[in-house]
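Tertiary structure, described
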Amino acid sequence: ALRLGERIDDKKTIARVNNNMAILATIQGNLNEAITQYEACLVMYAELGDERGMASAYHNLGMTHADQEDWTSAMDAYEKGFEAAQKSGHLDIMANVHLSMAEVMLEMGNSMMVPMCCARALDIYRKTGDRLGEADAYRLLARTFGMRKDWDTANQLFKDSLTLNEEHSNPLGIAETQRDWGNM
């Protein structure tokens with residue numbers, strides 16, 4: 001796909017393929033390579049004026065930095081991704097960025113802002129009908145209430161997350177919810 005995009009000089013295709021290759025590098029654990037590719041994608045998307053592409057690449061870059069436990073770089077990328085998503089009106093990316101930011105905050109042991117991030121994401125997921133997004137938000141909220149030792153609320157939120165994931169046959173969401181619930 002990359003060679004075809006280059007042959008016909010389709011810059012948007014080239015940027016998208018590079019973004020997908022960066023995702024593959026992340027999955028394969030080649031995080032430094034992924035970061036380099038995301039940064040190259042961001043240059044291409046900026047040249048194209050493609051705010052959605054920039055929002056997606058920044059979000060993915062943030063997740064890769066989070067995988068490296070580079071929380072500052074992750075939050076910086078998420079903030080830039082949110083700005084680009086907001087400019088282009090892409091609610092799905094805005095909601096996902098809110099949840100990713102909440103997850104970083106939890107990893108850093110700061111649960112103060114997590115409910116606000118989750119509430120914002122939940123508002124968007126409910127408007128767009130993204131039930132699996134809601135399930136993720138409930139899971140992160142449950143972790144937050146677990147950190148605060150509010151066991152009843154945490155257990156109910158984990159149940160809500162698990163129910164939604166089961167209703168939509170989402171094995172990854174089921175596994176993540178059960179893992180986090182078990183950890184609590």
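Now for a quick tour of the structure. (Residues numbered from 1 in each chain as written. Predicted model: local features only at pLDDT ≥ 70, side-chain atom pairs only at ≥ 80, totals over all residues. Heavy atoms only, no water.)

1. Remarks on the overall build of the protein chain
Heads up, the condition is: The secondary structure listing takes helices from DSSP runs of H or I that are at least 4 residues long and strands from runs of E that are at least 2 residues long, numbered from the N terminus. Only C-alpha atoms enter the radius of gyration; for comparison, a globular chain is expected to reach 2.2 Å times N to the power 0.38, where N is the number of residues.
When helices and strands are counted, the protein chain shows 10 helices and 0 strands. Listing every helix and strand of the protein chain by position from the N terminus yields α-α-α-α-α-α-α-α-α-α. For the protein chain, whose C-alpha radius of gyration is 17 Å, the value lies close to the compact-globule estimate of 16 Å for 184 residues. With respect to the three principal axes, the spread of C-alpha positions in the protein chain is 60 × 30 × 30 Å.

2. Re the environment of Cys41
So the rule is basically this: For the exposure calls, accessible area comes from a 1.4 Å probe over protein chains only, and a residue counts as buried if that area is under 20% of its type's maximum, exposed if over 50%, partly exposed in between. We call two residues contacting when some pair of their heavy atoms lies within 4.5 Å.
Along the chain, Cys41 turns up in helix α3 (residues 31-48). Given the relative accessible area of 0%, Cys41 is considered buried. Residues Cys41 and Phe82 lie 41 residues apart in sequence; the distance between their C-alpha atoms is 17 Å. With residues up to four places along the chain from it excluded, the contact list for Cys41 reads Ala15, Asn18 and Asn19.

3. Some thoughts on the environment of Gly146
Tracing the chain through its elements places Gly146 in helix α8 (residues 131-147). Residues Gly146 and Tyr125, spaced 21 residues apart in sequence, show a C-alpha to C-alpha distance of 23 Å.

4. Looking at helix α2 (residues 11-27)
Applied cut-off: Helices are assigned an expected span. That span is 1.5 Å times one less than the residue count.
With 17 residues, α2 should cover 24 Å at 1.5 Å per step; its first-to-last C-alpha distance of 24 Å lies within 8% of that length. Looking at the buried side of α2, the elements it contacts are α1 (2-7), α3 and α4 (51-67). Phi turns positive one or two residues past the end of α2, at Gly29, with a value near 85 degrees.

5. Let's talk about the pattern of salt bridges
Under the convention used in this document: Salt bridges are counted wherever a side-chain nitrogen of Lys or Arg sits within 4 Å of a carboxyl oxygen of Asp or Glu.
By the definition in use, this model includes 12 salt bridges. Measuring nitrogen to oxygen at the nearest pair gives 3.1 Å for the salt bridge that ties Arg143 to Glu107. Here the residue Arg143 occupies a position in helix α8, and Glu107 occupies one in helix α6 (residues 91-107), the gap between them amounting to 36 residues. Between Glu176 and Arg139 there is a salt bridge, with its nearest N and O atoms 3.9 Å apart. Note that Glu176 is positioned in helix α10 (residues 171-183) and Arg139 in helix α8, a separation of 37 residues in sequence. Taken together, the salt bridges that share partners define one network made up of Glu103, Glu107, Asp136, Arg139, Arg143, Glu176, Arg179 and Asp180.

6. Here we look at the state of the cysteines
This is how it is decided: When two cysteine sulfur atoms are found within 2.5 Å, that pair is recorded as a disulfide.
Scanning the entire structure with this criterion turns up 0 disulfides. Unpaired in terms of disulfides, Cys117 finds its nearest cysteine sulfur in Cys118, a separation of 6.9 Å. Of the residues examined, Cys117 reaches a relative accessible area of 5% and is grouped as buried.

7. Remarks on the side chain of Asn60
Counting through the fold element by element, Asn60 comes out in helix α4. Note on Asn60: relative accessible area 9%, which makes it buried. Once you skip the residues sitting within four places of it in the chain, Asn60 turns out to touch Asn19, Ile23 and Tyr38.

From the geometry alone we can't say anything about function, so treat these as descriptive.
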